[in-house]
Amino acid sequence: MKIELIPNKFFGEICGEYDLSAILDGAGYLKIFPLRAELKYEVHGDRVEISGKITVKFEAVCDSCGGAADIEYLSVIDGVFTKGGGNDDYYSYEGRVIDLTQMLTDAVFAEYPSRVLCSEACKGYCFGCGKNLNDGECGCSRRSANSKT
Ligand SMILES: [Zn+2]
Ligand SMILES: [Zn+2]
């Protein structure tokens, strides 16, 4: 996703979709949906401020039960691009085109769940037989797990 700066245009909006699979490297995901971005930009000389939000959506393998987990979250974007520069605080751009890839990548991982779960109440899988316990009990004796709920 890119913003093309137009002379004498000092602010604008950019809304659209971006291929999230370019950011989330394929392995480990069952399905990756396009990232949706709603961003605003403001130009102050060679400094461009960008803010807005992105929605990230994908289907991955639940860390707890091994089933499919639908993950969707919002990440807020707030950053500054400077021409030819770029350091820990700013992104850099050249010419009139601002490439948002790095900023979108940072925003995706800023809110990325530390544990991918199919639901908060995921029961996990049975260590005895490997059955996904969200689909029902398996018959193995698991006193500790049964007493939890
Ligand atoms: Zn699960
Ligand atoms: Zn079992």
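Keep in mind that this is a model prediction, so the values were computed, not measured.

K.L.:
Quick question: what am I supposed to make of helix α1 (residues 101–110) here?
P.N.:
Listed in full, the buried residues belonging to α1 are Met103, Leu104 and Ala107. Buried positions in α1, seen along its axis, are confined to an arc of 100° and lie on one side of it. On its buried face, α1 is in contact with β2 (11–18), β4 (35–44), β5 (47–61), β6 (68–83) and β7 (91–93).

K.L.:
Can you help me understand the domain arrangement of the protein chain in this one?
P.N.:
Interface size is commonly expressed as the accessible surface area that is lost when the partners come together. Split into domains, the protein chain comes out as domain 1 (2–118) and domain 2 (122–149). Of note, the centres of domain 1 and domain 2, computed from C-alpha atoms alone, are 38 Å apart. The partner domain 2 presents 7 residues to the 7 residues of domain 1 that form the contact. Classifying every residue of the side of domain 1 that touches domain 2 gives 4 nonpolar, 3 polar and no charged.

K.L.:
I would appreciate a short explanation of the confidence of the model for the protein chain in the present structure.
P.N.:
Interpretation of the predicted coordinates at a detailed level should be avoided for regions scoring low in pLDDT. Counting all residues, the mean pLDDT for the protein chain is 91, and 93% of those residues have values of 70 or more. Every residue in residues 145–149 is under pLDDT 50, and counting partners more than four places away or in other chains gives 0 contacts.

K.L.:
Sorry, what's going on with the environment of Tyr112 here?
P.N.:
Note on placement: Tyr112 falls in the loop between α1 and α2 (143–148). In this structure, the C-alpha to C-alpha distance between Tyr112 and Leu74, residues 38 residues apart in sequence, is 9.6 Å.

K.L.:
Explain the pairing of β5 to me, please; I cannot follow it from the model alone.
P.N.:
Taken together, the 3 bridges between strand β3 (residues 29–32) and β5 define a ladder with antiparallel strand orientation. Note on β5: the bridge partner recorded for Tyr29 is Ala60. Inspection of the sheet shows β4 paired to β5 by 9 bridges, in the antiparallel sense. Looking at the pairing, Val43 lines up with Val48 of β5. Linking β4 back to β5 in an antiparallel pair, the connection comprises 2 residues, with Gly45 at a positive phi of about 65°. In this structure, β5 lies alongside β6, joined through 15 bridges in antiparallel fashion. When the bridges of β6 are listed, Lys57 appears paired with Glu72. Counted along the chain from β5 to the antiparallel partner β6, the turn is 6 residues long, and its residue Gly66 has a positive phi close to 85°.

Cut-off values and rules
Position numbers for residues count from 1 along each chain, tracking the sequence in the order it is written. Both sets of labels track the order of writing: A upward for chains, 1 upward for ligands. Where totals are concerned, whole chains, interfaces and linings use all residues; where local detail is concerned, this predicted model gives features only for residues with pLDDT of at least 70, and gives and counts side-chain atom pairs only at 80 or more. Residue burial is a threshold on neighbouring C-beta atoms within 10 Å of the residue's own C-beta, all placed from the backbone, with 20 or more meaning buried, 12 or fewer meaning exposed, and counts in between meaning partly exposed. Elements are defined by DSSP. Helices are runs of H or I of four residues or more, strands are runs of E of two residues or more, and each kind is numbered from the N terminus. Within this analysis, the arc is defined by the directions that extend from the helix axis to the C-beta atoms. By the criterion used throughout, residues are in contact when their C-beta atoms, derived from the backbone, lie within 7 Å. Segment limits for the domains were obtained from an automatic or database-derived domain assignment. Amino acids are sorted into nonpolar (Ala, Val, Leu, Ile, Met, Phe, Trp, Tyr, Cys and Pro), charged (Asp, Glu, Lys and Arg) and polar (every other residue, Gly among them). Within a predicted model, pLDDT stands for the predictor's per-residue confidence, ranging from 0 to 100. Following DSSP output, two strands are said to pair if at least two bridges run between them.

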